[in-house]
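Each chain is listed here by its residues.
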Amino acid sequence: MNLQDAVNKYYSPDDPNGVMELDAFNDYTVVTGATGSGKSTLVESEIVPKYEGLPLIILDVKRKFSNCGKIINFLEDYNPNFQTVYQPKDSSKEMFGKFCMKLQSMFDTHAIIDEIHLWLSKQSIFKPHYDLVNTKRNDGVTHTSISTNTKAIPNYLLGNITHIYSLRYNLRGDIDWLSDYIGTKAEFLLTPDLRNPLDTGIYSEELKRNFNFKDMPQLSEFGFIYRNKTKKDSAIMRGFQS
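Residues numbered from 1 in each chain as written. Predicted model: local features only at pLDDT ≥ 70, side-chain atom pairs only at ≥ 80, totals over all residues. Heavy atoms only, no water.

### With respect to the sheet that holds strand 7 (residues 163–166)
Then, in step 1: Strand order in the open sheet formed by nine strands is 3-4-2-5-6-1-7-10-11, with mixed pairing between adjacent strands. In this open sheet, the two strands that pair with only one neighbour each are strand 3 (70–72) and strand 11 (235–237). For this sheet the average axis-to-axis angle between neighbouring strands, irrespective of direction, equals 20°.
Then, in step 2: As judged from the three bridges shared by strand 2 (residues 56–59) and strand 4 (residues 84–86), these two strands associate in the parallel manner. The residue bridging Leu-59 from the neighbouring strand is Tyr-86, located in strand 4.
Then, in step 3: Packed onto the sheet, helix 6 (residues 172–182) meets strand 1 (29–32), strand 7 and strand 10 (224–228) and runs at close to 145° relative to strand 7. (Pairing = 2+ DSSP bridges. Helix = DSSP H or I, 4+ residues; strand = E, 2+ residues; numbered from the N terminus. Axes fitted to C-alpha atoms, helices over the stretch in contact; angles between N-to-C directions. Contact = heavy atoms within 4.5 Å.)

Written as structure tokens, this is what we have:
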């Protein structure tokens, strides 16, 4: 057997685990990845289109989503009839708290929150956000949370997510964390030299041993791993580099 056989064991373009079955006003989503890994591009191409024609507001403090809707600088200007990009004048925690409280007054709306690591951490509870996560799902208020730092995602949010999108990382600690949520395929988010040498079960005549994860190629440019928590496994999306 050859390396392609090992690749085929972990990646199929028709993997049913890679089909995102979205319940727009019930599902919470998290997007993670290192700086520059393509989180904003992924959200714009994979998530924003799924809410076309539905109430959507994007908290965009870094001004990465300017072409995704009507831009406002003040929450008072929000109109649910338009997909909206909120680019506030500051990125303070007070601003974020007011944004969360604004969402608490809405119904059947999806929010994309970029850079959540600016305001949140794993163990802490920020009450406006905590209340949003735990009380507004029944009113159809859902959200996609984007973070560079895996340790910034609060436990109370992790316990409620349905969808996880993960892009490239450079540190072992992030992968160890992700593996609890997306399984051993999280290793492929690292470059081969940083991966744990997990056994693929595919024998190499050339190496006289089984291929391990260090032998496998890198994910394709902007490749990612997707996990729907209601399904059995995660899926590699966009494949490996040739």
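So much for the structure itself; the text now carries on.
### Observations concerning the packing of aromatic side chains
Then, in step 1: Across all of its chains, the model carries eleven aromatic pairs by this definition.
Then, in step 2: Look at Phe-96 and Phe-126: their rings are 5.9 Å apart centre to centre, the planes differ by 20°, and that puts the pair in the stacked class. Residue Phe-96 is located in helix 3 (residues 93–104), and its partner Phe-126 is located in the loop between strand 5 (109–113) and helix 4 (127–135); the two are separated by 30 residues in the primary sequence.
Then, in step 3: For Phe-96, a relative accessible area of 0% gives the class buried.
Then, in step 4: One aromatic cluster is present, built from ring pairs that chain together Tyr-10, Phe-188, Phe-213 and Phe-240.
Then, in step 5: In this arrangement the basic side chain of Lys-70 is found over the ring face of Phe-82, its NZ or CZ atom lying 5.0 Å from the centre.
Then, in step 6: Seen from the ring of Tyr-28, Arg-137 lies directly overhead, with NZ or CZ sitting 4.0 Å from the centre. (Phe/Tyr/Trp six-rings, centres within 6.5 Å; stacked < 30°, edge-to-face > 60°. Buried < 20%, exposed > 50% of the residue type's maximum accessible area, 1.4 Å probe, protein only. Lys NZ or Arg CZ within 6 Å of the ring centre and 35° of its normal.)

### What to know about the pattern of salt bridges
Then, in step 1: A full pass over the atoms with the stated rule returns 13 salt bridges.
Then, in step 2: Put simply, Lys-127 and Asp-131 hold a salt bridge, and the shortest N to O gap is 2.6 Å. With a gap of four residues between them, Lys-127 and Asp-131 both fall in helix 4, about one helical turn apart.
Then, in step 3: A residue is classified by how much of its surface remains accessible, and Lys-127, at 54% relative accessible area, is exposed.
Then, in step 4: A single network of salt bridges, built from pairs that share partners, joins Lys-62, Lys-64, Asp-114 and Glu-115. (Salt bridge = Lys/Arg side-chain N within 4 Å of Asp/Glu carboxyl O.)

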